[in-house]
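# Coordinate analysis (summary)
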Amino acid sequence: LKGFMTPLRLPNEQELTAYLTWEVMPDSVSVRFLGEEVPTERQSADGADCYTMQMKDGEYIYEVYAEWNSYEQYGGRVYYGFCMEK
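Predicted model only: the values in this text are computed from it and were never measured.

## Some thoughts on the pairing of strand S5 (residues 51-54)
- Side chains Tyr51 and Met53 of S5 all project onto a buried face; the interleaved residues Thr52 and Gln54 project onto a face where none is buried.
- Pairing geometry for strand S2 (residues 17-20) and S5, over four bridges, is antiparallel. Each residue of the ladder has a partner; that of Thr17, found in S5, is Gln54.

## Concerning the pattern of salt bridges
- Under the definition given, this model contains two salt bridges.
- Taking the shortest distance from any N to any O, the salt bridge between Glu85 and Arg9 comes out at 2.5 Å. You can see Glu85 sitting in strand S7 (residues 76-85) and its partner Arg9 sitting in strand S1 (residues 8-9), a full 76 residues away along the chain.
- Relative accessible area serves as the criterion here: at 57%, Arg9 is assigned to the exposed category.
- Here Glu63 makes a salt bridge to Arg32, at a shortest N to O gap of 3.1 Å. With Glu63 in strand S6 (residues 59-68) and Arg32 in strand S3 (residues 28-34), this pair connects stretches of sequence that are 31 residues apart.

## A word on the confidence of the model for the protein
- Averaged over every residue, the pLDDT of the protein is 79; the share at 70 or more is 83%.
- This stretch, residues 38-42, has a pLDDT under 50; its non-local contacts, to residues over four places away or in other chains, come to 13 contacts.

## Regarding the pairing of S6
- For S6, a buried count of nine out of 10 residues is recorded, marking the element as mostly surrounded by other parts of the structure.
- Across seven bridges, the pairing between S3 and S6 is antiparallel. If you follow Val29 over to S6, its bridge partner there is Ala66.
- Where S6 and S7 come together, 10 bridges link them in antiparallel fashion. Paired with Tyr65 across the two strands is Tyr79, which belongs to S7.

What counts as what
Residues numbered from 1 in each chain as written. Predicted model: local features only at pLDDT ≥ 70, side-chain atom pairs only at ≥ 80, totals over all residues. Heavy atoms only, no water. Buried < 20%, exposed > 50% of the residue type's maximum accessible area, 1.4 Å probe, protein only. Helix = DSSP H or I, 4+ residues; strand = E, 2+ residues; numbered from the N terminus. Pairing = 2+ DSSP bridges. Salt bridge = Lys/Arg side-chain N within 4 Å of Asp/Glu carboxyl O. pLDDT = per-residue confidence, 0-100. Contact = heavy atoms within 4.5 Å.

So, in C-alpha cells, the structure goes:
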C-alpha cells in the first residue's frame with residue numbers, strides 16, 4: 001500500500017494528537033500502525049465527543065477501524081487508511 005500513498009508530512013519537533021470525529025460517533029474504534037522498523041501495533045481509541053490517538057515518530061500507515069452496532073436504523077464497520085510521516 002505504501003507505494004500508492006503520498007505521506008502527509010508533520011512537524012518533527014512536537015508531539016501530535018489526531019482527533020477522529022464522526023457525525024454519529026462509532027461504538028468502538030481501533031487504530032493499527034504499520035511501519036518498517038516495528039511490527040504491527042494496535043491501539044484502542046477512547047472518547048465520547050471524539051477519539052484521540054498519538055501520532056508516531058517515523059513513517060507509518062495508519063489503519064482506523066470503526067464499528068457501529070447499537071443503533072436500530074443502521075450499523076456496520078468501516079476501515080480508513082492514511083500514511084503520515086513525522
